[in-house]
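These are the residues of each chain, in order.
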Amino acid sequence: MTHRILLVEDDPDVRLLMEGVLLDADYEVDATDTVRSGCALLETLPYDLLLADGRLPDGTGPMVAERAHEIGVKVLVVTGYSFELPREHISRYEVLSKPVRPRERF
């Protein structure tokens, strides 16, 4: 069974990189760049995981995460600004700090 992931990331380069890594790992991925479109997709399709940027043009990743959490979708907030997230968001959701290097070679 393939898992479906919703990726909400406003930086087009980061979004493309993350989407490519996930597709290469055989996940189904829907990608978007705003809180509004992320919440709309959560209402339309079933997801196994939400990957949300911490900062978005119309709000924050935790805003999308709140809705995902309400409907039982697992959440990972991926941000370069984890120090700016309220403590309750850090304790409620898994947080991964950017930069992320999915296939770093030594």
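Structure: see above.
Residues numbered from 1 in each chain as written. Predicted model: local features only at pLDDT ≥ 70, side-chain atom pairs only at ≥ 80, totals over all residues. Heavy atoms only, no water.

**Points about unusual backbone geometry**
Argument step 1. The backbone of Asp26 shows a phi angle near 70 degrees, a positive value even though the residue is not glycine.
Argument step 2. Checked against the element boundaries, Asp26 lands in the loop between α1 (12-24) and β2 (28-32). (Helix = DSSP H or I, 4+ residues; strand = E, 2+ residues; numbered from the N terminus.)

**Here's the deal with the nonpolar core**
Argument step 1. Formed by 14 residues in total, the largest nonpolar core has its most connected members in Val8, Leu42, Leu50 and Val64.
Argument step 2. Listed by contribution, the elements that provide at least two residues to this core are β1 (4-8), α2 (35-44), β3 (49-53), α3 (61-70) and β6 (74-79).
Argument step 3. For this core, the element with the most residues is α3, which contributes 3 residues.
Argument step 4. Residue contacts for Leu50: discarding those within four places in its chain leaves Leu6, Val8, Val64, Ala65, Ala68, Val73, Lys74, Val75 and Leu76.
Argument step 5. Listed in part, the 7 residues of the second largest apolar core include Leu7, Met18, Leu51 and Val78. (Core = buried A, V, L, I, M, F, W, Y, C linked by side-chain atoms within 4.5 Å. Buried < 20%, exposed > 50% of the residue type's maximum accessible area, 1.4 Å probe, protein only. Contact = heavy atoms within 4.5 Å.)

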